Amino acid sequence: MTVGVSGCSADEVLRFGWPEGVTPQAEKMRELWTWSVIAALAVGVIVWALIFWTVAFHRRKKTADGSPEELPRQFQYNMPLELFCVVVPVIMVVVLFFFTTTTERSVLDKKDNPDTTVDVIAFQWNWEFRYPGTDTNPAVPGEQQVSTVGSSTEIPLLVLPTGKTIQYNLESTDVIHSFWVPEFHFKRDVMPMPKKNNQDPSFQNTIDREGSFVGRCAELCGTYHAVMNFEVRALSPDKFDNYLRLRQQVNPATGKPHTAAEALQAMNCGELCAPQAVTTQPFNTDRTARTAS
Ligand SMILES: [Cu+2]
């Protein structure tokens, strides 16, 4: 009853504080978390029960003549018990390790033919998102692909389709950055070229639902690291196709291909097509706007 009133569903209880994600990959990690907590609680209950049993029933007792009892029976060098205390924890670690690697493999799994590919270019202190295979200048094929870059007044929008396998190719042009969208429950360092230490610069996922999700740089990369934000705008596949089409078409008002903001505005689909980021805002660089503290 109380659980119902407080709005906690069984699903939320079994989440054990794990935040809600928007990708099947995030759900896989949630399942690992749920089962790990259940396993930990089961072990915890057994340990607590043994502690309370010992405390309650094996206290130091007085003997009949009032003198303190000698030490209770001692168990050191008990071979079966010693073996049990080694073997059982090893089995626990092996089981946890098995499920962790299985989950990791499925999260990092990549299809040979992703539906959409986006090139993510990180630099101090901004992001550029390019869509390979697009063309904004039909006169010179392959010359100019659709690209979104942030400015000091506009957070860059990474527009993506829902329900499709998306491949992210990460690249930095200067120092190490990190591509992080909290709702993806996934973070990957963005390394400068050439790649070192077998780091895989790309990963894939699928976004389950439409929405706006904040993205951040998660690797301290210099003075303005904290303002290196972006926003993922997940749109249904037809809206996404419409967006890419508009980005490649000339806006009659400006005589140039639509910018990200102009394309979204032209689509006119409410909050989802807001021309500016809604999850985060640009850093106010106006020093005079600061009040004395
Ligand atoms: Cu950065």
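Residues numbered from 1 in each chain as written. Predicted model: local features only at pLDDT ≥ 70, side-chain atom pairs only at ≥ 80, totals over all residues. Heavy atoms only, no water.

As annotated in an unreviewed UniProt entry, the protein carries the name cytochrome-c oxidase and comes from Amycolatopsis suaedae. Of the protein, the UniProt comment under Sequence similarities (unreviewed entry) reads exactly: "Belongs to the cytochrome c oxidase subunit 2 family." Looking at the Catalytic activity (unreviewed entry) heading of the UniProt record, one finds this comment for the protein: "4 Fe(II)-[cytochrome c] + O2 + 8 H(+)(in) = 4 Fe(III)-[cytochrome c] + 2 H2O + 4 H(+)(out)". (UniProt positions renumbered as here; feature names shortened; annotations may be inferred.)

### What to know about the coordination of the copper ion
Coordination sphere of the copper ion, protein contribution only: His-177 (ND1), Cys-217 (SG), Cys-221 (SG) and Met-228 (SD), at 2.0 to 2.7 Å. In this structure, the copper ion is surrounded by four donor atoms whose angles at the metal cover 92 to 125°, and the resulting shape is tetrahedral. All donors to the copper ion come from one chain, and their sequence spacing reads H-x39-C-x3-C-x6-M. By relative accessible area, Cys-221 is classed as buried at 4%. For Met-228, a relative accessible area of 0% puts it in the buried group. (Donors = N, O, S within 2.8 Å, 3.2 Å for Na, K, Ca; no water. Tetrahedral: all angles 85-135°; square planar, octahedral: opposite > 155°, others 65-115°. Buried < 20%, exposed > 50% of the residue type's maximum accessible area, 1.4 Å probe, protein only.)

### Considerations on the domain arrangement of the protein
Its domain assignment divides the protein into domain 1 (9-108) and domain 2 (116-281). Relative placement of domain 1 and domain 2: their C-alpha centres are 44 Å apart. The interface of domain 1 with domain 2 comprises twelve residues on the first partner and twelve residues on the second. Counting each side, the surface lost to burial between domain 1 and domain 2 is near 940 Å², with a carbon and sulfur contribution of 60%. Linking domain 1 with domain 2 are zero salt bridges. The interface formed by domain 1 and domain 2 includes four residue pairs in polar contact (both at pLDDT 80 or more). (Domains from an automatic or database assignment. Contact = heavy atoms within 4.5 Å. Buried area = accessible area lost by both parts, 1.4 Å probe. Salt bridge = Lys/Arg side-chain N within 4 Å of Asp/Glu carboxyl O. Polar contact = N/O pair within 3.5 Å; in protein donor to acceptor, adjacent residues only side chain to side chain.)

### Digging into helix H3 (residues 24-57)
Its 34 residues place the ends of H3 49 Å apart at the C-alpha level, agreeing with the 50 Å of an ideal helix rising 1.5 Å per residue. Buried residues of H3: Gln-25, Ala-26, Met-29, Arg-30, Thr-34, Val-37 and Gly-44, and no others. (Helix = DSSP H or I, 4+ residues; strand = E, 2+ residues; numbered from the N terminus. Expected span 1.5 Å × (residues − 1).)

### Describing the UniProt feature "transmembrane region" (unreviewed entry) in the protein
Within this structure's numbering, the places UniProt gives as "transmembrane region" (unreviewed entry) are residues 32-56 and 77-99. With 100% helix and 0% strand, residues 32-56 has its two end C-alpha atoms placed 36 Å apart. Helix makes up 91% of residues 77-99 and strand 0%. Its end C-alpha atoms lie 34 Å apart.

### What to know about the environment of Glu-210
With respect to the secondary-structure elements, Glu-210 resides in the loop between strand S8 (202-205) and strand S9 (211-217). Polar side-chain contacts of Glu-210 include one of 2.7 Å to the backbone nitrogen of Ser-236. A polar side-chain atom of Glu-210 sits 2.7 Å from a polar atom in the side chain of Lys-239.

### Details of the packing of H3 against helix H4 (residues 79-108)
For the pair H3 and H4, the least separation of the axes is 9 Å and the interaxial angle reads 170°. Between H3 and H4, the interaxial angle falls into the category roughly antiparallel. Contacts between H3 and H4 pair Gln-25, Lys-28, Met-29, Leu-32, Ser-36 and Val-43 from the former with Met-92, Leu-96, Phe-99, Thr-100, Thr-103, Ser-106 and Val-107 from the latter. When the residues that make up the contact of H3 with H4 are grouped by side-chain class, the tally is seven nonpolar, five polar and one charged. (Axes fitted to C-alpha atoms, helices over the stretch in contact; angles between N-to-C directions. Parallel < 35°, antiparallel > 145°, perpendicular 65-115°, else oblique. Nonpolar A, V, L, I, M, F, W, Y, C, P; charged D, E, K, R; others polar.)

### Quick notes on the packing of aromatic side chains
One pass over the structure, following the stated rule, counts 14 aromatic pairs. Consider the rings of Phe-98 and Phe-99, whose centres lie 5.1 Å apart with planes at 80°: the pair is edge-to-face. Phe-98 sits in the partly exposed class, given a relative accessible area of 49%. With a centroid separation of 5.7 Å and an interplanar angle of 45°, the aromatic rings of Tyr-168 and Phe-179 are classed as tilted. On the criterion of sequence distance, the pair formed by Tyr-168 in strand S5 (residues 166-172) and Phe-179 in strand S6 (residues 177-181) is long-range, its members being eleven residues apart. For the pair Tyr-168 and Phe-179, one class covers both residues: buried. Taking NZ or CZ as reference, Lys-187 lies 4.8 Å from the ring centre of Trp-180, over its face. (Phe/Tyr/Trp six-rings, centres within 6.5 Å; stacked < 30°, edge-to-face > 60°. Lys NZ or Arg CZ within 6 Å of the ring centre and 35° of its normal.)

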